[in-house]
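Chains, contacts and geometry: an overview
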Amino acid sequence: MRRTRVLLAAGAALSLALTACTTDTPTDGPGEEGRTSPSGDWFDAEEYEAQLAQRDMEPEGPADEPWLQAIDPTYTDTSEYALEGEDREDPTVCFSNASVSNPWRVTGWITMQQQVEVLQESGDIGEFRVSDAADDDNQQISDIQAFVDAGDCDAIIISPSTTATLTPAVEAACESGAPVIVFDRGVNTDCHVTFIHPIGGYAFGADAAEFLVDELEPGSRVLALRILPGVDVLEHRWAAAQQVFGDSELEVIGHEFTEGDGATIKDLVTQHLQRGDVDGIWMDAGDGAVAALEAFEDAGQPYPVISGEDELSFMRKWQEEDLTALAPVYSNFQWRTPVLAASMILDGEEVPEEWVLPQEPITGDDRDDFLERNADMPSLHYAKFGGEDLPGFPEAWQDR
């Protein structure tokens, strides 16, 4: 028998109207006013400082299972969600996914499916019901409501498409009585049982920006490449970079939205190169880093200092060309944690209210080790995917 609970209070959804699009003409650099625009509405100084401090904290949990580690956790009692007897046999877990529209999400989705198979084999999870919104907010709202209306989800996992727009849908899921697990991207409510994510966008953005500040001479010109507006983790990456760059002597010559499209990235970088030197590239996601580098090749210009990500296409290019580079990481192994959390919650085990996973960039010192460990993986794979111990390794990730 499923129980329902009354949501005593829910935060009102915060309406954030952030509009931006990819342009044919490069934008001017943000300069000092970039401290408050466009990401100023997203900047939280206290959270920024907290994330930067968490980079140096030792996580709790098994050393060989980072997807079960937690940084400075506060645990919450989940006994009200515990299923017993026949109700605990093969529970239905429902997952509303924002999309599998980029290589990072594809890699994570494969990892999640492999973890689900392990839990299904052990009987900890039964049916795993999935909807994919293809990055459409309205579709994801409809998907979540369908889970609520069905009334048979023993737990609901949500990876939101965007932050503010999905908040009411997450609150509706909470009101259904099923425990709600949010991961990857956040929402403007704390009604969920746990919010699972690596340290966060501030840490990612700061890692990348600090690297460029350390490696470039004062007065060097940096181009920032962003995916899209309105997603908290991406906005936080840029907000952190603005803080770091604002305290440096680097010149930010532009911040461009690319929608993660390689052709757009290459075109925008080319336009900036036609206007003057580009000494550094900062990216809020690195799956288009190779396209950015190809623009330098086509222009006959020396490679920039660049921050990418732990996608193998970038890391292999880094190694082949001996680039001055860093691979910030938004830990892909986090896709294992929500289904493990669902099983724990349905057993009544405590879980962190905010489950902060470790997030450590790949540097030139450990790049070759990660490339060797992933030598047989496709270029769109992510080095820190954390699935080496799962039964489908390596074929499941190779046959994507």
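Keep in mind it's a predicted model, so treat the numbers as computed, not measured.

What follows is about the packing of helix α7 (residues 262-275) against helix α8 (residues 289-299). The contact between α7 and α8 brings their axes to 8 Å, and the two run at 45°. Classified by the interaxial angle, the pair formed by α7 and α8 is oblique. The hand of the α7/α8 crossing is right-handed. Mapping the contact onto sequence places G262, I265, K266, V269, T270 and L273 in α7 and A291, A292, E294, A295, F296, D298 and A299 in α8. Here the residues of the contact of α7 with α8 sort into eight nonpolar, two polar and three charged.

Let's shift gears to the packing of aromatic side chains. Enumeration according to the criterion identifies 17 aromatic pairs in this entry. Ring centres of F95 and F183 lie 5.9 Å apart, and the angle between their planes is 40°; this geometry places the pair in the tilted category. Taken together, the positions of F95 in strand β2 (residues 93-97) and F183 in strand β5 (residues 180-183) put the pair 88 residues apart, joining distant regions of the chain. The pair F95 / F183 is uniform in exposure class, with both members buried. Here the aromatic residues F95, W104, W109, F128, F183, Y330 and W335 are joined through ring pairs into a cluster of three or more. Over the face of the ring belonging to Y330 we find R237, whose NZ or CZ atom lies 4.9 Å from the ring centre. A cation over an aromatic ring shows up here: R336 above the ring of W67, its NZ or CZ 3.8 Å from the ring centre.

Moving on, we come to the sheet that holds strand β11 (residues 325-326). An order of β8-β7-β9-β10-β11 is seen for the five strands of this open sheet, with the pairing classed as parallel. The open sheet terminates on both sides in strands that have one partner only, identified here as β8 (251-257) and β11. Against the sheet, helix α6 (residues 232-246) touches β7 (221-226), β8 and β9 (280-283), its axis set at about 170° to β7.

Take Q54: it is sitting in helix α1 (residues 45-54). The class for Q54 is buried, based on a relative accessible area of 13%. With residues near it in sequence (within four places) discarded, Q54 still touches I71, I199 and V356.

According to the domain assignment, the protein consists of domain 1 (56-199 + 331-359) and domain 2 (201-326). Taken over C-alpha atoms, the centre of domain 1 sits 31 Å from the centre of domain 2. Between domain 1 and domain 2, a total of about 730 Å² is buried, with carbon and sulfur atoms accounting for 51% of that surface. Applying the counting rule to domain 1 against domain 2 returns zero salt bridges. Run the count over domain 1 and domain 2 and you get two residue pairs in polar contact (both at pLDDT 80 or more). Here the side of domain 1 that touches domain 2 is composed, by residue class, of three nonpolar, six polar and one charged.

The next thing to look at is the environment of S159. Examined against the element boundaries, S159 turns out to sit in strand β4 (residues 155-159). By relative accessible area, which is 0% here, S159 ends up buried. Considered as a pair, S159 and N374 are 215 residues apart in the sequence and their alpha carbons are 26 Å apart. Apart from residues lying up to four places away in sequence, S159 is in contact with F95, S96, N97, A98, R105, Q140, F183 and D184. Engagement of the side chain of S159 in a polar contact is seen with the side chain of R105, the distance being 2.9 Å. Within polar-contact distance, the side chain of S159 engages the side chain of D184 at 3.4 Å.

Let us look at the UniProt feature "domain: Periplasmic binding protein" (unreviewed entry) in the protein. With numbering matched to this structure, UniProt assigns "domain: Periplasmic binding protein" (unreviewed entry) to residues 95-327. Annotation note: span residues 95-327, helix share 48%, strand share 19%, distance between end C-alpha atoms 29 Å.

Turning to the pattern of salt bridges, a few remarks are in order. A complete count under the given rule lists 16 salt bridges for this structure. D207 is the partner of R55 in a salt bridge, and the nearest nitrogen-oxygen pair spans 2.6 Å. Separated by 152 residues along the polypeptide, R55 in the loop between α1 and β1 (75-76) and D207 in helix α5 (residues 201-215) bring together distant segments of the chain. Notably, a salt bridge pairs R367 with D368, separated by 2.9 Å at the nearest N-O pair. Under the relative-accessibility criterion, R367 is labelled buried at 10%. Overlapping salt bridges, with partners in common, bring together R55, D207 and E210 in one network.

Definitions and limits used
Residues numbered from 1 in each chain as written. Predicted model: local features only at pLDDT ≥ 70, side-chain atom pairs only at ≥ 80, totals over all residues. Heavy atoms only, no water. Axes fitted to C-alpha atoms, helices over the stretch in contact; angles between N-to-C directions. Helix = DSSP H or I, 4+ residues; strand = E, 2+ residues; numbered from the N terminus. Parallel < 35°, antiparallel > 145°, perpendicular 65-115°, else oblique. Left-handed = near helix turned anticlockwise from the far one by under 90°. Contact = heavy atoms within 4.5 Å. Nonpolar A, V, L, I, M, F, W, Y, C, P; charged D, E, K, R; others polar. Phe/Tyr/Trp six-rings, centres within 6.5 Å; stacked < 30°, edge-to-face > 60°. Buried < 20%, exposed > 50% of the residue type's maximum accessible area, 1.4 Å probe, protein only. Lys NZ or Arg CZ within 6 Å of the ring centre and 35° of its normal. Pairing = 2+ DSSP bridges. Domains from an automatic or database assignment. Buried area = accessible area lost by both parts, 1.4 Å probe. Salt bridge = Lys/Arg side-chain N within 4 Å of Asp/Glu carboxyl O. Polar contact = N/O pair within 3.5 Å; in protein donor to acceptor, adjacent residues only side chain to side chain. UniProt positions renumbered as here; feature names shortened; annotations may be inferred.

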